[in-house]
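# Commentary on secondary and tertiary structure
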Amino acid sequence: MEDPDPRFTLANERTFLTWLSTALALSAGGVAMAAVPAEVFVPWLRTTLAVVLVTLSALAAGMAYPRWRHIQRALRDQAPLPPPALAPVFGYGVAVVAALALVLIVLAA
């Protein structure tokens, strides 16, 4: 194994930190949604939205380090990078959150 170009290692580290900041943002959104008064939005839908956000947060935080480690190993071995397996989960997850939020907004109007 040889050390990869430091630029790639630092880019991998920035991506890792971005996953963590995304996890924090998702968690904050979930907590904020859970704190919305019950009379503002439909309670079961508000709770569902909060649960989806916090679940996505846990996935992002939990998978950030293993993803960083796999990419770092691939860089050191000059092997192909692993595919972004969680990208569809987060893409569709955020789409579900947006759709639920839209429903909440329409029902509250």
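The structure this text deals with has already been given above.
Residues numbered from 1 in each chain as written. Predicted model: local features only at pLDDT ≥ 70, side-chain atom pairs only at ≥ 80, totals over all residues. Heavy atoms only, no water.

## Some details on the packing of helix H1 (residues 6–35) against helix H2 (residues 43–77)
Working note: a packed helix pair is described by the angle between its axes plus the distance between those axes. One way to put it is that H1 packs onto H2 with a least axis distance of 7 Å and a crossing angle of 170 degrees. As far as their axial angle goes, H2 and H1 are roughly antiparallel. Here the residues of the contact of H1 with H2 are counted per class, giving 21 nonpolar, seven polar and two charged. (Axes fitted to C-alpha atoms, helices over the stretch in contact; angles between N-to-C directions. Helix = DSSP H or I, 4+ residues; strand = E, 2+ residues; numbered from the N terminus. Parallel < 35°, antiparallel > 145°, perpendicular 65-115°, else oblique. Nonpolar A, V, L, I, M, F, W, Y, C, P; charged D, E, K, R; others polar.)

## So, the packing of aromatic side chains
Summed over all chains, the structure comprises three aromatic pairs. Here Phe16 and Tyr65 contribute two aromatic rings whose centre-to-centre distance is 6.5 Å and whose plane-to-plane angle is 80 degrees, an arrangement assigned as edge-to-face. Pair noted here: Phe16 is in helix H1 and Tyr65 is in helix H2, with a separation of 49 residues, a long-range link. What makes Tyr65 partly exposed here is its relative accessible area of 43%. Look at Trp19 and Phe90: their rings are 5.0 Å apart centre to centre, the planes differ by 55 degrees, and that puts the pair in the tilted class. (Phe/Tyr/Trp six-rings, centres within 6.5 Å; stacked < 30°, edge-to-face > 60°. Buried < 20%, exposed > 50% of the residue type's maximum accessible area, 1.4 Å probe, protein only.)

## With respect to the nonpolar core
If you look at the biggest cluster of nonpolar residues, it comprises 15 residues, and the most contacted ones within it are Met33, Leu49 and Leu104. Those elements that place two or more of their residues in this core are H1, H2 and helix H3 (87–108). The biggest single contributor to this core is H2, with six residues. Contacts of Leu49, omitting those with residues within four sequence positions, involve Met33, Val97, Leu100, Ala101 and Leu104. (Core = buried A, V, L, I, M, F, W, Y, C linked by side-chain atoms within 4.5 Å. Contact = heavy atoms within 4.5 Å.)

## Some thoughts on the environment of Val103
You can see Val103 is positioned in helix H3. Residues Val103 and Gln72 lie 31 residues apart in sequence; the distance between their C-alpha atoms is 41 Å.

## Observations regarding the pattern of salt bridges
If you walk through the whole model with that rule in mind, you get two salt bridges. Among the salt bridges present, the one from Asp3 reaches Arg76, with a minimum N-O distance of 2.5 Å. Remark: Arg76 occurs in helix H2 and Asp3 occurs in the segment before H1; sequence separation between them is 73 residues. Take Arg76: its relative accessible area is 28%, and that puts it in the partly exposed class. Across the pair Asp5 and Arg7 runs a salt bridge whose closest N-O atoms are separated by 2.4 Å. In this structure Asp5 comes out as partly exposed when scored by relative accessible area, which is 24%. Overall, Arg7 belongs to the exposed group, its relative accessible area being 59%. (Salt bridge = Lys/Arg side-chain N within 4 Å of Asp/Glu carboxyl O.)

Shape descriptors only; they carry no functional weight alone.
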